[in-house]
Amino acid sequence: MKVVNLKQAILQAWKERWSDYQWAINMKKFFPKGATWDILNLAEALLEQAMIGPSPNPLILSYLKYAISSQMVSYSSVLTAISKFDDFSRDLCVQALLDIMDMFCDRLSCHGKAEECIGLCRSLLSALHWLLRCTAASAERLREGLEAGTPAAGEKQLAMCLQRLEKTLSSTKNRALLHIAKLEEASSWTAIEHSLLKLGEILASLSNPQLRSQAEQCGTLIRSIPTMLAVHSEQLHKTGYPTVHAVVLLEGTMNLTGETQPLVEQLMMVKRMQHIPTPLFVLEIWKACFVGLIESPEGTEELKWTAFTFLKIPQVLVKLKKYCHGDKDFTEDVSCAFEFLLKLTPLLDKADQRCNCDCTKFLLQECSKQGLLSEASVTNLMAKRAADREHAPQLKSGENANIQPNPGLILRAEPTVTNILKTMDADHSKSPEGLLGVLGHMLSGKSLDLLLAAAAATGKLKSFARKFINLNEFTTHGNEELAKAASVRALLFDISFLMLCHVAQTYGSEVILSESSSGAQVPFFETWMQTCMPEEGKILNPDHPCFWPDSTKVESLVALLNNSSEMKLVQMKWHEACLSISAAILEILNAWENGVLAFESIQKITDNIKGKVCSLAVCAVAWLVAHVRMLGLDEREKSLQMIRQLAGPLYSENTLQFYNERVVIMSSILEHMCADVLQQTATQIKFPSTGVDTMPYWNLLPPKRPIKEVLTDIFGKVLEKGWVDSRSIHIFDTLLHMGGVYWFCNNLIKELLKETRKEHTLRAVELLYSIFCLDMQQVTLVLLGHILPGLLTDSSKWHSLMDPPGTALAKLAVWCALSSYSSHKGQASSRQKKRHREDIEDYISLFPLDDMQPSKLMRLLSSNEEDANVLSSPTDRSMSSSLSASQLHTVNMRDPLNRVLGESSHCAAAGGFLLVSLHSCYVAPSPRPLALPSPRLPFSPSSLVFLSRFLFWTPPFGGHPEHFFPFAFWCHHHLPA
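Residues numbered from 1 in each chain as written. Predicted model: local features only at pLDDT ≥ 70, side-chain atom pairs only at ≥ 80, totals over all residues. Heavy atoms only, no water.

Colleague: Please explain the overall build of the chain as it appears in this structure.
Modeller: Across its full length, the chain carries 47 helices and zero strands. A fraction of 79% describes how many contacts in the chain between residues 6 or more apart in sequence connect residues 24 or more apart. Carbon together with sulfur atoms contributes 54% to the accessible area of the chain, which is approximately 45,100 Å² in total. (Helix = DSSP H or I, 4+ residues; strand = E, 2+ residues; numbered from the N terminus. Contact = heavy atoms within 4.5 Å. Areas by Shrake-Rupley, 256 points an atom, 1.4 Å probe, with all protein chains shown as cover.)

Structure representation (structure tokens):
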């Protein structure tokens, strides 16, 4: 059959009972591609055929719904077709039309020309008029039904009409579209006002209060449309600063042991760059602390966050106080910040519930001790919080009655750390039993983690570790001693060894290492930790000489482990035993594999190893981990089984004190040591459980997913939320060290350049800056030395640098450069782990220096300040030949960052892009003068002006700069004089 027109095609589809997708396919075959379905009035034709009878034709309606879902027809054409139906007595037809409107009335959009967008506004106005008429007709029928005693039918249809009205009008976007249509169609709006008055008169006689209230709400929304532009809502001030939030989270999660001064300077840099008012700045710090406290995993991480919040951050604020003008002003700002914080009741309630105490009270008391708040302010704030806490959800009394709050424990642990340090300064040989008692109490429960967290937050952890290294060194040798003294010495060695291993794994090995001094003997534990202790990403060689001591000592140790019923303690040199255990284990493994020793003998040997001092088991497993990495798949079984035996429970009795407490620490140490190798060998070993996850942030990457997908996915989630959480920080850190700095930075910059909305790009810049703080120095070198030049010199990528992403990238580059310059040189943060696969080229070879020919940047920056005036005119391209030798040598071009800037300035676009941004950021007015040291830039602002203009008006390829790179032309006209 040859189809003549649209109506004929629809009837053929109905007669042959085509499915919706068959109908769509055949329609595209029947009609030419040139004409659109809206021009052919497809939506109107379908509705006309569907609404012929008393009830709608479901098959033809399915064609219309398919056309709407597949965007064959526009929303405006459907709304226009619906508004032409006026037989409101056919209930089923009206309900079908209302259901069609429900498909899209809350997500109206138009992708086309301006005329089509205006058409959508007009059709929505027509649909609104139709809805009001339909509602009035339904209300009239309901009133007649009430008089006749049959109200049910009319009430259902009236409720449906009001529901669609409310859904359509509740969208601010829809009301804005209606406002535009009102301006275009004044007569149609007059008809709507008349319909609204008529509806109000009809509903006034109805007794149903719910329907009347719903109708009044819809009427209020309609009446508000003409005044939408007249209402000048106050512009909301920005109250969230994700950069501050992320910097605090990063510090609390990864750098508790770091000094406070670098954190203070970094926070002040962010405050200055983003012009953050002091009260909101302090508020953001507290918000980040409470969020970190709430989301921290139970166990050591929770204690670390508690110490960071209640001990370290008050110290940070004390130092921030020095940057502000006057103590009184800062005290008022802190008080104002707490006033804002008290309004965040859900956040505080959640923190109180997590910590089982009034966290705000502890925080206020600590701030009062540091002189950050007056007594009157503290009393007032405590009273307000106490009133709010009366309505807060509380845990059941049975659950929290015996739980001591961590904030109180941490605050009490801080003076205890000082007392322990004084105790450790005493002569160990005079009262070793008393010292053992002190250490024994430290091992009970979570006391050790509490003390370590308090020491880390107050900057005493390095001193703490040094005392235990000295104690461990003292116990390595035993002269003529009795059995009791030998057992005390063994316990002191074991406890100090385990504590030091725990500190190294929890807070980083750099806390343990002493300052290098020539000629000083390196303590045993430092030597063992650097050469024998497995760490994340650290590969050990099992054949290293440190694992192979004197053979006679190894033979005696093997005999001792194999033949003795228990380990002897008198005059035992424990450090030699720890160094010899690896070779002894190899001998035992060989004997086991060759059938010389049975499994029962292996079990007795492993019990002897861990039976008295757990440190021997730690040293044995350290070597086994390195050994397993070198074995083939079919050779690992015995070694892994021995690790399992050493990590398992003891099958014989132990007579030394504090054994259970020592085993808990040993299990945690072994679990950290074995994590890498167990993952690589797909082996499971059950370590004694302590009730909490000892490695909460381990292995966060999803399996079998490309890391680029993981990076883009996690950044998308962070951007959507608007802030970075602790788990995301650890995932970013893992991806940074897995993919390398260039890969990490390049892919995140690509994500930034995908954003097209100004507010999204600004948020992305703030978040990216905080993410780049994971390794700011290296990221800045890659960004300025590789990524920016690549974007600025490749014309095919210039479209991605249009505003707003181009401006956002400039801001990010400036922030990173300023942060890198202002950071303390030579102070590497402990959170910046050493990359084990460095993918950044050596910048000396990448940007070679020719001392005979100073670079263009050096020549320009060494010009006299007054020479800038000579070149102020764009028509004057001459350069002054006067050079100042003292100025020439002020720029250290062997510094990687200076060298990257110098070489990037050889490209006019790259140098201008960065340097103009640097100048605008450098001289940007701050809302309040801050006593912040100026960033140590290698050039002055006036030099930046001079350099930028020279670069823009001497393009390297000739011709006009606006033809070379549009941004350069913009910079010339916007550059401050």
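Colleague: Where do I start with helix α22 (residues 432-443) in this structure?
Modeller: One turn of an α-helix holds 3.6 residues; hence residues three or four places apart share an orientation. The end-to-end C-alpha distance of α22, which contains 12 residues, comes to 17 Å, matching closely the 16 Å that a straight helix rising 1.5 Å per residue would cover. Taken together, the buried positions of α22 are occupied by Pro432, Leu435, Leu436, Leu439, Gly440, Met442 and Leu443. Taken around the axis of α22, the buried residues stretch over an arc of 155 degrees, which confines them to a single face. Next to the buried residues of α22 lie α21 (406-424), α23 (447-457), α24 (461-474), α25 (483-507) and α32 (659-681). Looking at the residues trailing α22, positive phi occurs at Gly445, about 55 degrees. (Expected span 1.5 Å × (residues − 1). Buried < 20%, exposed > 50% of the residue type's maximum accessible area, 1.4 Å probe, protein only. Arc of directions from axis to C-beta.)

Colleague: Help me understand the side chain of Thr506 in this model?
Modeller: The residue Thr506 is located in helix α25 in this model. The class for Thr506 is buried, based on a relative accessible area of 19%. In this structure Thr506 touches Thr300 and Lys304, once residues within four positions along its chain are discounted.

Colleague: So what exactly am I meant to see when it comes to empty space enclosed by the protein here?
Modeller: With the rule as written, the count across this model stands at seven cavities of 30 Å³ or more. Here the second largest cavity is characterised by a volume of approximately 60 Å³. Around the second largest cavity, the lining residues are Ala246, Leu250, Val724, Ile729, Phe732, Ser770, Ile771 and Leu774. Of all elements in the fold, only α12 (242-254), α34 (726-739) and α36 (758-772) reach the threshold of two or more residues within the lining of the second largest cavity. Its residues placed into classes, the lining of the second largest cavity shows seven nonpolar, one polar and no charged. (1 Å grid on protein atoms, 1.4 Å probe; cavity = no way out; pocket = protein on both sides within 12 Å on 5 of 7 lines; lining within 4 Å. Points joined across faces, edges and corners; volume = space filled by probe spheres on them. Nonpolar A, V, L, I, M, F, W, Y, C, P; charged D, E, K, R; others polar.)

Colleague: Where do I start with the pattern of salt bridges in this structure?
Modeller: Oppositely charged side chains may form a pair once their charged atoms are brought near each other. What the rule picks out here adds up to 28 salt bridges. With a closest N to O distance of 4.0 Å, Asp102 and Arg164 form a salt bridge. On the criterion of sequence distance, the pair formed by Asp102 in helix α6 (residues 91-102) and Arg164 in helix α8 (residues 152-169) is long-range, its members being 62 residues apart. Glu184 is the salt-bridge partner of Arg122, the closest N and O atoms lying 3.2 Å from each other. Within this pair, whereas Arg122 is found in helix α7 (residues 114-148), its partner Glu184 is found in helix α9 (residues 172-184), the two being separated by 62 residues in sequence. By relative accessible area, which is 35% here, Arg122 ends up partly exposed. Members of the salt-bridge network, linked through shared partners, are Asp349, Asp352, Asp358, Arg385 and Arg389. (Salt bridge = Lys/Arg side-chain N within 4 Å of Asp/Glu carboxyl O.)

Colleague: Can you help me understand the packing of aromatic side chains in this one?
Modeller: Think of a pair of aromatic rings as described by two things: how far the centres are apart, and how the planes are tilted against each other in angle. Counted under the stated rule, the structure contains 14 aromatic pairs. The structure contains a cluster of three or more aromatic residues connected by ring pairs, namely Phe493, Phe497, Phe524, Phe525, Trp528 and Trp574. Lys271 extends its terminal NZ or CZ atom over the ring of Phe281, reaching a point 5.9 Å from the ring centre. Lying across the ring of Trp723, Lys721 places its NZ or CZ 4.6 Å from the centre. (Phe/Tyr/Trp six-rings, centres within 6.5 Å; stacked < 30°, edge-to-face > 60°. Lys NZ or Arg CZ within 6 Å of the ring centre and 35° of its normal.)

Colleague: How should I be thinking about the packing of helix α14 (residues 278-295) against helix α17 (residues 345-355) in this particular structure?
Modeller: Helix packing geometry: the angle between the two helix axes and the distance between the axes. Here α14 crosses α17 at 40 degrees, and the two axes come no closer than 9 Å. It follows that α14 is oblique to α17 by the angle criterion. α14 and α17 meet at a crossing whose hand is left-handed. Two secondary-structure elements touch here, α14 through Lys287, Phe290, Val291, Leu293, Ile294 and Glu295 and α17 through Leu347, Leu348, Lys350, Ala351, Arg354 and Cys355. (Axes fitted to C-alpha atoms, helices over the stretch in contact; angles between N-to-C directions. Parallel < 35°, antiparallel > 145°, perpendicular 65-115°, else oblique. Left-handed = near helix turned anticlockwise from the far one by under 90°.)

Colleague: Explanation requested: the nonpolar core in the structure shown.
Modeller: When a protein is soluble and globular, its nonpolar side chains tend to lie buried together. By size, the foremost hydrophobic cluster in this structure holds 213 residues, and its most contacted members are Trp528 and Phe772. Broken down by element, this core gets its largest block of residues, 15 residues, from α25. If sequence neighbours within four positions are ignored, Trp528 has contacts with Phe497, Cys501, Met533, Leu579, Val618, Cys619, Ala622 and Met673. Counting residues in hydrophobic clusters, the runner-up holds 77 residues, among them Ala13, Leu98, Ala136 and Leu211. (Core = buried A, V, L, I, M, F, W, Y, C linked by side-chain atoms within 4.5 Å.)

Colleague: For this particular structure, what's the right way to read the confidence of the model for the chain?
Modeller: For the chain, per-residue confidence averages 76 on the pLDDT scale, and residues scoring 70 or more make up 75% of the total. Here helix α45 (residues 941-953) stands out as the least confident element of the chain, with mean pLDDT 34; helix α35 (residues 741-754) is the most confident, with 93. Note on residues 914-977: pLDDT is under 50 here. Beyond four places in sequence and across chains, it has 126 contacts. (pLDDT = per-residue confidence, 0-100.)

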